[in-house]
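Coordinates in review
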Amino acid sequence: MKNFYENHNANVHRAVHTLSQEATDLHESARRTIARFINAKDESEIIFVRGTTEAVNLVAYAWGLHNLKKGDEVLLSLMEHHSNIVPWQIISKKNGFTIKYGKVNKDGTLDYMDFESKVSNKTKLVSLSHVSNVSGVINDVKRIGKFAHEHGALMFVDGAQSVPHMPVDVRDLNADFLAFSGHKMLGPTGIGALYGKKHLLETMEPFQGGGEMIKDVTFNPKTERVGIDWNDPPWKFEAGTPNICGSTALMEAIEYLENIGMSKILKYEKMLTEYAVKTMQSCCTKLVLYGTSDHSLKCGIMPFGIIGLSSHDVALFLDNYGIMIRSGFHCAQPLHQIFKLQSSARASFYIYNTREEIDRFAEVLKEIERF
Amino acid sequence: MATVRDYVARIEETCGEDKSAVVTFKYDKKDEAIAKIRNKAQLKNSLSGIIFEFVFQDISFRVFSSGKVVFRGINKEGLHDILTALLL
């Protein structure tokens, strides 16, 4: 990022000067890197966004607003992050379609029978998180996508918690859309990507208006009207100056992760999670772990509680030792209702965490149990 | 004249804890604020010099040495009143 601002800082696709050409090369290289990383067929299927939330909103407005009508259904699950609920709720209020919610079992796994029973020929879109941001449960989005397609519905995959932690292949999943955020995968905040199948992006309306997303804006003096010709995807969806430094930094982050290997990262995180569960259970007596205990179904996310303490008490105590965890609903209130919880503490692991850090984490938890 | 704002950097409603709030003291005022609370409220429990449970006017709350206070089951007006009573 420092290198970008010191040596290549200019707008993209706007000018013929050297810096603009360099910035454009970096930005479009980042797009190619992302396409390769998730195995998209074509780089034009990658749209830069601020993050997963903006990606869901983009599809909700640019596709949903124009394709969903009264009588149609969108199927979500009760484990979704609010960002994969609220945008559909907003568009549903405008267009009158119905949102259905697939149930989640008490252990946090998806109730596949219930979910699939709710797919019908009225279903136009199924949108599901690949990995729950609360429980770390990995959903079989390939299975759900196949089922959705058999009924003529599109499949949106919220990859915010999967793309940073495991190999994700959009063609193998046959996802119509997939979104993820840079800040969860060693990249900066304010940058993410939306993958969309080319034929869908070509028929979709723009999300926002401005520069870059148009080919021509012409004034007709006779009619005193302006005629607009949209740009091709992906630029049709990228109005205004993009986050060029962010896309460049995300490219660097992806190359770093690729050099390690996503399968290796998944294996390492699973090892850390299993180690954490074992260590915490052996030294804590007031510990409650939420969700499934089957680690083969999970990524490196571990929701927990300490009896007698709120999640915020636990988080603030750990913070004093430089251990930072999330506390609260984690923007997934319906799932907490299923768990019958006011809130939860959530430890999450990534490639930079170690077993020694988990030992320290467990020691501090043991200490707070004395309160 | 001193006000609550002289001590408080921000108040955030906690996510998931009904009617709860996390009060964050200004960094350069946190020690003074915690000392005032210690003088006025009754200490019920503490651990490792990090977390302190106090009771004041029948309201229980937890103070952290990092300068944060968690109040539970309190509305905005009630929170303002108790902070005023504790800090001023």
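Please refer to the structure higher up on the page.
Note that residues are indexed from 1 along each chain, following the sequence as it is written. Just so you know, chain letters begin at A and ligand numbers begin at 1, following the order they were written in. Local features in this predicted model are restricted to residues of pLDDT 70 or higher, and side-chain atom pairs are both shown and tallied only at a pLDDT of 80 or more, whereas totals for entire chains, interfaces and linings draw on every residue. For side-chain calculations, the full set of non-hydrogen atoms in the structure is used, while hydrogens and water are omitted.

**Some details on the overall build of chain B**
What counts is decided by this rule: Helix and strand labels come from DSSP, where a helix needs a run of H or I of at least four residues and a strand needs a run of E of at least two; each type is numbered from the N terminus. It is over C-alpha atoms that the radius of gyration is taken, and the globule rule equals 2.2 Å times the number of residues to the power 0.38. Should any heavy atoms of two residues lie within 4.5 Å, those residues are considered in contact. We treat Lys and Arg as the positive residues and Asp and Glu as the negative residues; His and chain ends play no part in the count. To locate a charge, the coordinates of NZ of Lys, CZ of Arg, CG of Asp or CD of Glu are taken.
Counting its regular elements, chain B contains two helices and six strands. Order of helices (α) and strands (β) in chain B, N terminus to C terminus: β-β-α-β-β-β-β-α. The C-alpha radius of gyration of chain B comes to 12 Å, within 12% of the 12 Å expected for a compact globule of 88 residues. Projected onto the principal axes, the alpha-carbon positions of chain B cover approximately 30 × 30 × 25 Å. Summarising the internal contacts of chain B: among those between residues at least 6 apart in sequence, 43% fall at separations of at least 24. Taken as two groups, the 14 positive and 12 negative side-chain charges of chain B have centres that lie 4 Å from each other.

**Details of the interface of chain B and chain A**
Cut-off, in case you're wondering: Salt bridges are identified by distance alone: a Lys or Arg side-chain nitrogen within 4 Å of an Asp or Glu carboxyl oxygen. Pairs of N or O atoms within 3.5 Å make up the polar contacts considered here, provided that, within protein, one atom can donate a hydrogen while the other can accept it, and that residues adjacent in sequence are counted only when both atoms are side-chain atoms. For this classification, the nonpolar set comprises Ala, Val, Leu, Ile, Met, Phe, Trp, Tyr, Cys and Pro, the charged set comprises Asp, Glu, Lys and Arg, and every other residue, Gly included, is treated as polar.
Residue-level contacts link 19 residues of chain B with 20 residues of chain A. Where chain B packs against chain A, one counts one salt bridge. In this structure, Arg62 of chain B engages Asp313 of chain A in a salt bridge whose closest nitrogen and oxygen atoms are separated by 2.3 Å. Here chain B and chain A share three residue pairs in polar contact (both at pLDDT 80 or more) between them. Contributions of two or more residues to the side of chain B that touches chain A are made by β3 (42-47), β4 (51-56), β5 (59-64) and β6 (68-71) of chain B. With three residues, β3 of chain B is the largest single contributor of residues to the side of chain B that touches chain A. For the side of chain B that touches chain A, the per-class residue count stands at six nonpolar, seven polar and six charged.

**Quick word on the sheet that holds strand β13 (residues 344-348) of chain A**
Residues and elements named next belong to chain A. Basically, it comes down to this: Strand pairing is assigned whenever DSSP identifies at least 2 bridges connecting the two strands. To obtain an axis, a line is fitted to C-alpha atoms, over the contacting stretch when the element is a helix, and the angle between two such axes runs from 0 to 180 degrees between their N-to-C directions.
Sheet architecture is open: four strands sit in the order β10-β11-β13-β12, paired in antiparallel fashion. This sheet does not close on itself; its edge strands, each paired only once, are β10 (287-289) and β12 (326-328). Each adjacent strand pair in this sheet contributes to an overall mean axis angle of 30 degrees, direction not counted. As judged from the four bridges shared by strand β11 (residues 301-306) and β13, these two strands associate in the antiparallel manner.

**Section: the sheet that holds strand β1 (residues 46-49) of chain A**
All names here are of chain A. Taking strand neighbours across the sheet as the criterion, the seven strands line up as β1-β7-β6-β5-β4-β2-β3 in an open arrangement whose pairing is mixed. Of all strands in the sheet, those with a lone pairing partner are β1 and β3 (98-102), marking the two edges. Strand-to-strand, the axes of this sheet are offset by a mean angle of 20 degrees, without reference to chain direction. Both strand β5 (residues 154-158) and strand β6 (residues 177-181) contribute to a ladder of three bridges, which runs parallel. Paired with Asp158 across the bridge in β6 is Ala179.

**Concerning helix α6 (residues 141-150) of chain A**
Residues and elements named next belong to chain A. Short version of the rule: To sort residues, take the accessible area from a 1.4 Å probe on protein chains only and compare it with the maximum for the residue type: under 20% means buried, over 50% means exposed, and anything in between is partly exposed. Directions from the helix axis toward the C-beta atoms define the arc.
All of the buried residues in α6 are Val141, Ile144, Gly145 and Ala148. Angularly, the buried residues of α6 cover 100 degrees about the axis, an arc narrow enough to put them on a single face. Among the exposed residues of α6, those oriented more than 90 degrees off its buried face are Lys146 and Glu150. Of the surrounding secondary structure, the elements contacted by the buried residues of α6 are α5 (112-117), β4 (123-129), β5 and α7 (170-173). Count one or two residues on from α6 and you reach Gly152, which has phi positive near 80 degrees.

**A word on the environment of Glu53 of chain B**
When you line up the elements, Glu53 of chain B lands in strand β4. With relative accessibility at 16%, the residue Glu53 of chain B sits in the buried group. Sequence spacing of Glu53 of chain B and Gln42 of chain B is 11 residues, and the spatial spacing of their C-alpha atoms is 8.5 Å. The contacts of Glu53 of chain B, once residues within four sequence positions are left out, are Phe371 of chain A together with Gln42, Leu43, Lys44, Asn45, Ser60, Phe61 and Arg62 of chain B.

**Describing the packing of helix α2 (residues 18-37) of chain A against helix α9 (residues 244-260) of chain A**
For any two helices packed against each other, one specifies the crossing angle of their axes together with the interaxial distance. Residues and elements named next belong to chain A. Spelled out, the test is: We call two directions roughly parallel when the angle between them is under 35 degrees, roughly antiparallel when it is over 145, roughly perpendicular when it lies between 65 and 115, and oblique otherwise. Crossings are classed by handedness, with left-handed meaning an anticlockwise turn of the near helix from the far one by less than a right angle and right-handed meaning a clockwise turn.
Relative to each other, α2 and α9 sit at 40 degrees, their axes nearing to 8 Å. Taken together, α2 and α9 sit at an angle that is classed as oblique. The handedness of the crossing between α2 and α9 comes out as left-handed. Facing α2, whose interface residues are Ala23, Leu26, His27, Ser29, Ala30, Thr33, Ile34, Arg36 and Phe37, α9 presents Ile244, Ser247, Thr248, Leu250, Met251, Ile254, Glu255 and Glu258. Taken together, the residues of the contact of α2 with α9 break down into nine nonpolar, five polar and three charged.

**A look at unusual backbone geometry**
Residues and elements named next belong to chain A. Omega for the peptide link from Pro233 to Pro234 comes to 5 degrees, which places this bond in the cis form. Relative to the assigned elements, Pro234 resides in the loop between β9 (225-230) and α9. The phi dihedral of His13 falls on the positive side, at around 55 degrees, and the residue is not glycine. Structurally, His13 can be placed in the loop between α1 (2-7) and α2. Phi angles above zero are rare outside glycine, and Glu224 is one such case at about 55 degrees.

**Describing the side chain of Ser83 of chain A**
Within the secondary structure, Ser83 of chain A sits in the loop between β2 (73-77) and α4 (86-95). Residue contacts for Ser83 of chain A: discarding those within four places in its chain leaves Thr53 and Val56 of chain A.

**Considerations on the packing of aromatic side chains**
Ring pairs (aromatic) are described by centroid distance and by the angle formed between their planes. The condition is simple: Side-chain rings of Phe, Tyr and Trp (the six-membered ring for Trp) are treated as a pair once their centres are within 6.5 Å; stacked means planes under 30 degrees apart, edge-to-face means over 60, and tilted covers the remaining angles. Placement of a positive charge over a ring is assigned whenever Lys NZ or Arg CZ falls within 6 Å of the ring centre and within 35 degrees of the normal to the ring plane.
Applying the stated criterion to the full structure yields nine aromatic pairs over all chains. On the numbers, 5.3 Å between centres and 75 degrees between planes, the contact of Phe4 of chain A with Tyr5 of chain A is edge-to-face. Taken together, a centroid distance of 5.9 Å and an interplanar angle of 80 degrees make the contact between Phe304 of chain A and Phe361 of chain A edge-to-face. Taken together, the residues span a long stretch of sequence, with Phe304 of chain A in strand β11 and Phe361 of chain A in helix α13 (residues 355-368) at a distance of 57 residues. Of the residues examined, Phe361 of chain A reaches a relative accessible area of 4% and is grouped as buried. Put simply, the rings of Phe52, Phe54, Phe61 and Phe71 of chain B touch in pairs and so form one group of aromatic residues. Cation over ring: Arg355 of chain A sits above Tyr275 of chain A, and NZ or CZ is 5.7 Å from the ring centre. For Arg38 of chain B, the ring lying beneath its charged end belongs to Phe52 of chain B, and the centroid distance is 4.7 Å.

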